[in-house]
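Spelled out from the first residue to the last, the chains are:
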Amino acid sequence: MNKEISGFKHIQAAHCENGATTSLLRYHGLDFMTEPLAFGMGSGIFYIHIPILSINNGPAISYRSMPGWIFSRTCKSLGVKVVRKKFGNNEKAAHDFLDQKIQDGVPVGCQVGVFNLPYFPPEYRFHFNAHNLIVYGKQGNDYLVSDPVMETVTTLSEEDMIKVRFAKGPLAPKGHVYFPENVHKVDNETIKKGIIKGIKRSARDMLHVPGNIAGVDGIKYTSKQIRKWRDKLGSRKAGLYLGQIVRMQEEIGTGGGGFRFLFAAFLEQAYGYIPNEQLLAVSEDFTKAGDLWRESAVQMGRIYKGRINNEQKDFEVCADLLLQIADIEKQGFLKLKKMQF
Amino acid sequence: MKKEELPQDDSALKVMTRELCYVKDNDGKYTTGLSTGWDVKKQALDNAWEEINERVEEARKAVTNGEKSPIYYFMELRLMDMPVLSGYTGFWSFNIKRHMKPDVFKGLSDKKLAIYAKAFDISVDELKNFKG
């Protein structure tokens, strides 16, 4: 097959699902869509530290809402219908469906695992199964691929595409594809409502999820754990745990610090639709939080760079920084929660 | 973070792409910038790989010493853990743990070995005749 879907534009994003959402909706004529808006309307910001469970032999922390929710929520707010399809173990059906969509001229979002993604550098290929890319055509045996975290477009062979779409383990994609359907023109009133909904939902998620491991309470929980790690795990392993936090936090497509800047950018753009000065003030709060997340990464880096020669007081500094962040974010979300629109 | 403060350090990622980040321009407005990498991140990733390599080396020794079967080694080599290996093979983790015992491993059918070999992307021969 030789087909390139005309009118599809590759857009680079900080986070894959935001990027897929943005470029799919823009393709369907929603030119106002930006990554921060998709992230904000989809309430992508979150925090959870799951105790006991370990990922890659380190703490299990996530800075985002569940994979797939950003796309679903943003589309729902805009009255856009979402089509999703999974194929179990049926590789042929998954292959045929994708090819048919290309033939029909519909760009399709695909959930993939990164372990077998050939264009990723080997150092980055872990068994992470919730990466997103868009297929926008096919040239012979190769799919034309827009991977939102990349500067330019790329390609994937049929064999590699099947491998990454049928990666196994937690969050196995099972050939999962998704795309918007019946996209109509969206008026400003709907965008405003979507923005408010996204803001209120984020405030609820970060302030009011029960228990002490999610939302701003989760950040405090991590802080508390960090204070214990050196005694509990020994200085070497404790350092590795911090390294894992930094990777979860700052690596491409995840983002603790990065997500705060994105949220701040979202609030700034929200002000363009809803001229309420408070949005800009809270945007500043989250810029501050993002800066502190990065500072905490630097501090953690000092510890794991040395690996052995660390002291308890170094861990305390990290823990204190997280408490400070939790407080800033709590105040920010409280302001957003109380805001009248 | 201001645009000019965006780190431009070395990273493994730069052969694939620069990373898009949200930063502030000189007027205090959000814009985007591209980063080649950040030392703090690179160090975390390097450490993670050092740790992985140590685990693989320990696994290799454990197999050579007859404490574990090659399944254990290849699981570590392919960066898998129980849930991932269980996903690729369809075996329960309880059974996988048994298959990691050298005695049980010796009795595994070729069919089961082939499933493991496929999951590890190696031949049955490589799995059976562990060379370290």
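What counts as what
- Residues numbered from 1 in each chain as written.
- Chains lettered and ligands numbered in written order.
- Predicted model: local features only at pLDDT ≥ 70, side-chain atom pairs only at ≥ 80, totals over all residues.
- Contact = placed C-beta atoms within 7 Å.
- Helix = DSSP H or I, 4+ residues; strand = E, 2+ residues; numbered from the N terminus.
- Nonpolar A, V, L, I, M, F, W, Y, C, P; charged D, E, K, R; others polar.
- Domains from an automatic or database assignment.
- Core = buried A, V, L, I, M, F, W, Y, C linked by C-beta atoms within 7 Å.
- Buried ≥ 20, exposed ≤ 12 C-beta atoms within 10 Å, placed from the backbone.
- Pairing = 2+ DSSP bridges.
- Axes fitted to C-alpha atoms, helices over the stretch in contact; angles between N-to-C directions.
- Parallel < 35°, antiparallel > 145°, perpendicular 65-115°, else oblique.
- pLDDT = per-residue confidence, 0-100.
- Left-handed = near helix turned anticlockwise from the far one by under 90°.

Visitor: Give me the interface of chain B and chain A: which residues, what numbers.
Guide: Interface size is often expressed as the accessible area that is lost when the parts come together. Each partner contributes residues to the interface: chain B has 29 residues there, and chain A has 38 residues. For the side of chain B that touches chain A, the secondary-structure elements that each account for two or more residues are β1 (19-24), α1 (39-64) and α3 (82-89) of chain B. Broken down by element, the residue count for the side of chain B that touches chain A peaks at nine residues, all from α1 of chain B. Grouping the amino acids of the side of chain B that touches chain A by side-chain chemistry returns 20 nonpolar, four polar and five charged.

Visitor: Tell me about the domain arrangement of chain B, residues and numbers included.
Guide: Taken domain by domain, chain B comprises domain 1 (3-37) and domain 2 (41-125). The straight-line distance from the C-alpha centre of domain 1 of chain B to that of domain 2 of chain B is 38 Å.

Visitor: Provide a residue-level description of the nonpolar core, including the pertinent values.
Guide: Counting residues in each nonpolar core, the largest one holds 110 residues, and the members touching the most others are V135, L242 and L262 of chain A. Not counting the four nearest positions on each side in its chain, L262 of chain A is found in contact with A14, P36 and F39 of chain A together with Y22 of chain B.

Visitor: Report on the pairing of strand β5 (residues 108-112) of chain A, specifying residues and quantitative values.
Guide: Residues and elements named next belong to chain A. The buried fraction of β5 amounts to five of the five residues, a majority that puts the element mostly inside the structure. Sheet topology places β5 next to strand β6 (residues 131-139); five bridges connect them, and they run antiparallel. Its bridge partner being in β6, G109 is matched across the sheet by I134. As paired elements, β5 and strand β9 (residues 177-181) share two bridges and run antiparallel to each other. By the bridge assignment, C110 is partnered in β9 with V177.

Visitor: Break down the environment of M80 of chain B for me, citing the residues and quoting the values.
Guide: Along the chain, the position of M80 of chain B falls in the loop between α2 (70-77) and α3. Here M80 of chain B falls in the buried class, since 22 other C-beta atoms lie within 10 Å of it. Residues M80 of chain B and K68 of chain B, spaced twelve residues apart in sequence, show a C-alpha to C-alpha distance of 16 Å. Setting aside residues no more than four positions away along its own chain, M80 of chain B makes contact with H127 of chain A together with M75 and L85 of chain B.

Visitor: Any chance you could break down the packing of helix α9 (residues 257-273) of chain A against helix α10 (residues 277-306) of chain A for me, citing the residues and the numbers?
Guide: Residues and elements named next belong to chain A. Running from N to C, α9 and α10 point in directions that differ by 170 degrees, and their axes come no closer than 8 Å. Of the possible angle classes, the one that applies to α9 and α10 is roughly antiparallel. Between α9 and α10, the contacting residues are G257, R260, F261, F263, A264, L267, E268, A270 and Y271 on the first element and L279, L280, V282, S283, F286, T287, A289, G290, W293, R294 and A297 on the second. A per-class count over the contact of α9 with α10 returns 13 nonpolar, four polar and three charged.

Visitor: Any details on the environment of H127 of chain A? Residues and values, ideally.
Guide: Tracing the backbone shows H127 of chain A in the loop between β5 and β6. Residue classification places H127 of chain A among the buried residues on the basis of 25 C-beta atoms within 10 Å. Linking H127 of chain A and D231 of chain A, residues 104 residues apart in sequence, is a C-alpha distance of 30 Å. Sequence-distant contacts of H127 of chain A, defined by excluding residues within four places in its chain, comprise G113, F115 and G169 of chain A together with L79, M80 and V84 of chain B.

Visitor: Tell me about the confidence of the model for chain B, and please be specific about residues and values.
Guide: For chain B, per-residue confidence averages 95 on the pLDDT scale, and residues scoring 70 or more make up 100% of the total. Among the scores for the predicted complex, ipTM is 0.94 and pTM is 0.94.

Visitor: Explain the domain arrangement of chain A residue by residue, including any values.
Guide: Split into domains, chain A comes out as domain 1 (2-33 + 81-181) and domain 2 (188-338). With centres defined by C-alpha atoms, the gap from domain 1 of chain A to domain 2 of chain A works out at 29 Å.

Visitor: Before we move on, can you summarise the packing of α10 of chain A against α1 of chain B with the specific residues and values?
Guide: Here α10 of chain A crosses α1 of chain B at 40 degrees, and the two axes come no closer than 9 Å. Taken as axis vectors, α10 of chain A and α1 of chain B run oblique relative to one another. In this structure, α10 of chain A meets α1 of chain B at a crossing whose hand is left-handed. Between α10 of chain A and α1 of chain B, the contacting residues are A297, V298, G301, Y304 and K305 of chain A on the first element and V40, Q43, A44 and N47 of chain B on the second. The residue makeup of the contact of α10 of chain A with α1 of chain B, split by class, is five nonpolar, three polar and one charged.

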